[in-house]
Amino acid sequence: MAKHWADFQYEIYLNGMTGAVPRLPTDLTRLEELTEQRLGPGPVGYVAGSAGDGSTARANRAALERRRIVPRMLRDVHERDLSVEVLGRPLPAPLALAPIGVLSIMHPDAESAAARAAAAQGVPYILSSASSTPMEQVAEAMGDAERWFQLYWAKDREVTRSFLNRAKACGYTALLVTLDTPLLAWRPRDLDQAYLPFLHGVGTANYFSDPAFRAGLAKPVHEDPNAAVMHFVGMFADPAKTWPDLAFLRENWDGPIVLKGILHPDDARLAADAGMDGVVVSNHGGRQVAGSVAAADALPRVAAAVGDRLTVLFDSGIRTGDDVFKALALGARAVLLGRPYAYGLGLDGQSGVEHVIRCLLAELDLTLALSGHARPADVGAADLVEDPV
């Protein structure tokens, strides 16, 4: 039987009978402010910050808020089923946790805590190449739960090949390739603090534990950590990559490949032509191109171009259950949730991440029901109107 995510609200009310209230706000938009108060400016700025003056991050939110849901009445929504199939995998809801690197700056349990939270709730966890925990350790923390691997496509082919082999060996089933970060963007919040965790060897765990990476070092990492950091910086990303290079990934990964950072319909078509399995419509949460098109404004055009050929996923700006509803209505099969779970992690470890997942999906469940829908697939463009600008 399908899980009724909405039951979380009754659990909260029943706990209230003993005087217990949730440790974190149930309005997930409040988490950023709380995190700002409790964590240092470097880590908070790194997670909350955006490119330039933040205009793209604001546009992401505005594009979702501008679209309003049109509820329908007297439809049977007694039995709801939020489960979906994504990339051939059955999921309990149209949600995965987006790849976020260097999570040790938010909480000492880092990626392992977030991964355990995802596993406990049955949603996929996507591990970043730039994690502060080696991929094998995160896999071990998850048991046999659904996990995907996000690749920052290194200049060094052997390191990339090694990453793919390691990820495959420890049970990551899908590969998400981030295309929008061939260079780090101009991010004033990080620049003003001169804060880049990688230069301190944080977020480099997959590299420093990799045999192909270590083969390129004159001395072991622990003997000359600065040389290891500089070797990492020199290979982390490659602005010279082009569409034909995707053939290398297809040769070295036999599962689904999803390209993350697609905003133009023609790029989505090129992804389909290259034999990819999906795209994530994303502007990296506003972290890469200041002044970029809002991800939710790009989504309908990409979905119209390739929705019949590829799995279309979405991130950038998702904060609430109704945001997820809107993304589904605009053509996404599922969404990736980013910053809110990082804030949950920073505020309350694994429990904080679980709280965020359960709040988001309870609100989605209720939003679907109260709008007259029993399944994510029932939602479409006709269920939204756009506020005049």
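Treat the numbers as computed from the prediction; the structure is a model and nothing was measured.

(A) Structural detail: the overall build of the chain. When helices and strands are tallied, the chain shows 16 helices and twelve strands. Taking 389 residues into account, the globule formula puts the C-alpha radius of gyration at 21 Å, and the chain, at 20 Å, falls close to it. With respect to the three principal axes, the spread of C-alpha positions in the chain is 70 × 50 × 40 Å. Scored against the burial criterion, the 389 residues of the chain give a buried share of 57%. Residue pairs in contact within the chain that sit at least 24 positions apart in sequence constitute 75% of those at least 6 positions apart. Accessible surface, the chain as shown: approximately 16,100 Å² in total, 53% of it carbon and sulfur.

(B) Structural context of the UniProt feature "binding site: glyoxylate" (unreviewed entry) in the chain. Under the local residue numbering, the UniProt record ascribes the feature "binding site: glyoxylate" (unreviewed entry) to Tyr46, Tyr152, Arg187, Lys260, His284 and Arg287. Within the annotated group, the residues that form the lining of the largest cavity are Tyr46, Tyr152, Arg187, Lys260, His284 and Arg287. Looking at the secondary structure, you find Arg187 in the loop between β7 (175–178) and α8 (188–193). Look at Arg187 and you get buried, because its relative accessible area is 7%. Beyond its immediate stretch of four places on either side in the chain, Arg187 contacts Tyr46, Ser50, Ala51, Arg287 and Gln288. Mapped onto the elements of the fold, Arg287 is located in the loop between β9 (278–281) and α14 (295–306). Looking at Arg287, the relative accessible area reads 10%, which means it is buried. The residues contacting Arg287, other than those within four sequence positions of it, are Tyr46, Val47, Gly49, Ser50, Ala51, Ala185, Arg187 and Arg339.

(C) Up close: the packing of aromatic side chains. Under the definition given, this model contains twelve aromatic pairs. Residues Phe149 and Tyr172 carry aromatic rings whose centres are separated by 5.9 Å and whose planes lie at 65 degrees to one another, so their mutual orientation is edge-to-face. Separated by 23 residues along the polypeptide, Phe149 in strand β6 (residues 147–151) and Tyr172 in the loop between α7 (157–169) and β7 bring together distant segments of the chain. Judged by its relative accessible area of 0%, Phe149 is buried. When the centroid spacing of 5.3 Å and the interplanar angle of 50 degrees are considered together, the rings of Phe232 and Phe236 count as tilted. On the basis of relative accessible area, Phe232 is assigned to the buried category, the value being 2%. Phe236 gets classed as buried once you look at its relative accessible area, which sits at 12%. Grouped by ring-pair contacts, the aromatic residues Phe149, Tyr152, Phe163, Tyr172, Phe198, Tyr207, Phe208, Phe213, Phe232 and Phe236 constitute a single cluster. Looking at Arg147, its charged tip hangs above the ring of Tyr172, at a distance of 5.6 Å from the centre. Just above the ring of Tyr46 sits the side chain of Arg287; from NZ or CZ to the centre is 5.0 Å.

(D) Looking closely at the nonpolar core. Counting residues in hydrophobic clusters, the biggest one holds 112 residues, and the most contacted among them are Leu103, Tyr125, Tyr172 and Phe314. A per-element tally of this core places helix α16 (residues 339–370) first, with 14 residues. Not counting the four nearest positions on each side in its chain, Phe314 is found in contact with Val280, Val281, Ala295, Ala296, Leu299, Ala327, Ala332, Ala334, Val335 and Leu336. If you look at the next biggest cluster of nonpolar residues, it comprises 15 residues, including Leu91, Ile126, Trp148 and Leu313.

(E) Region of interest: the environment of Leu151. Take Leu151: it is sitting in strand β6. Exposure remark for Leu151: the relative accessible area of 0% places this residue in the buried category. In this structure the C-alpha to C-alpha distance between Leu151 and Leu127, which are 24 residues apart in sequence, comes to 8.8 Å. With sequence-adjacent residues up to four places away left out, Leu151 is seen in contact with Ser129, Thr160, Phe163, Leu164, Leu175, Leu176, Val177, Thr178 and Leu249.

(F) The arrangement of the environment of Ala332 in detail. Its location among the elements puts Ala332 in the loop between α15 (321–329) and β11 (334–337). In this structure Ala332 comes out as buried when scored by relative accessible area, which is 8%. What Ala332 contacts, discounting residues up to four positions off in sequence, is Leu299, Val312, Phe314 and Ala327.

(G) Local environment of the pairing of strand β5 (residues 125–128). Burial of the side chains of β5 extends over both faces: Tyr125 and Leu127 are buried on one face and Ile126 and Ser128 on the other. Bridging between β5 and β6 involves four bridges; their strand directions are parallel. Opposite Leu127, over in β6, you have Phe149 as the bridge partner. For the crossover that starts at β5, traverses helix α6 (residues 135–142) and ends in the parallel β6, the hand is right-handed.

(H) Expanded view of α6. Of the residues making up α6, those classed as buried are Met135, Val138, Ala139 and Met142. End-on, the buried residues of α6 take up no more than an arc of 100 degrees, which puts them together on one face. At its buried positions, α6 is contacted by α5 (110–121), β5, β6, α7 and α9 (205–208). Positive phi appears at Gly143, one or two residues downstream of α6, with a value of about 65 degrees.

Criteria and cut-off values
Counting restarts for each chain: residues are numbered from 1 in the order of the written sequence. Where local features are concerned, this predicted model is filtered to residues with pLDDT of at least 70; where side-chain atom pairs are given and counted, the filter is 80 or more; whole-chain, interface and lining totals use all residues. Working from all heavy atoms in the structure, the side-chain values ignore hydrogens and water. Strands are runs of DSSP state E lasting at least 2 residues, helices are runs of H or I lasting at least 4, and numbering of each runs from the N terminus. Atoms counted for the radius of gyration: C-alpha only. Globule rule: 2.2 Å times the number of residues to the power 0.38. Burial status follows relative accessibility: with a 1.4 Å probe on protein chains alone, a residue under 20% of its type maximum counts as buried, one over 50% as exposed, and anything between as partly exposed. Two residues form a contact once any of their heavy atoms are found within 4.5 Å. Here the Shrake-Rupley method, with its probe set to 1.4 Å, supplies the accessible areas, and only the displayed protein chains count as covering residues. UniProt positions are given in the numbering used here, feature names are shortened, and annotations may be inferred rather than shown by experiment. Residues are called lining when one of their atoms sits within 4 Å of a cavity or pocket point, these points coming from a 1 Å grid over the protein atoms alone, where a cavity is a set in which a 1.4 Å probe fits but cannot get out and a pocket is an open set with protein on both sides within 12 Å along at least five of seven lines. What counts as a ring pair is set by centres within 6.5 Å for rings of Phe, Tyr and Trp (its six-membered ring), and what kind of pair is set by the plane angle: stacked under 30 degrees, edge-to-face over 60, tilted for all other angles. To sit over a ring, a charge needs its Lys NZ or Arg CZ within 6 Å of the ring centre and within 35 degrees of the ring normal. By nonpolar core we mean a set of buried residues, namely Ala, Val, Leu, Ile, Met, Phe, Trp, Tyr and Cys, connected to one another through side-chain atoms within 4.5 Å. Should DSSP find at least two bridges between two strands, the strands are regarded as paired. Every crossover in which the path from the first strand over the helix to the second runs clockwise, viewed with the strands pointing away from the viewer, is termed right-handed. Along the arc lie the directions from the helix axis toward the C-beta atoms.

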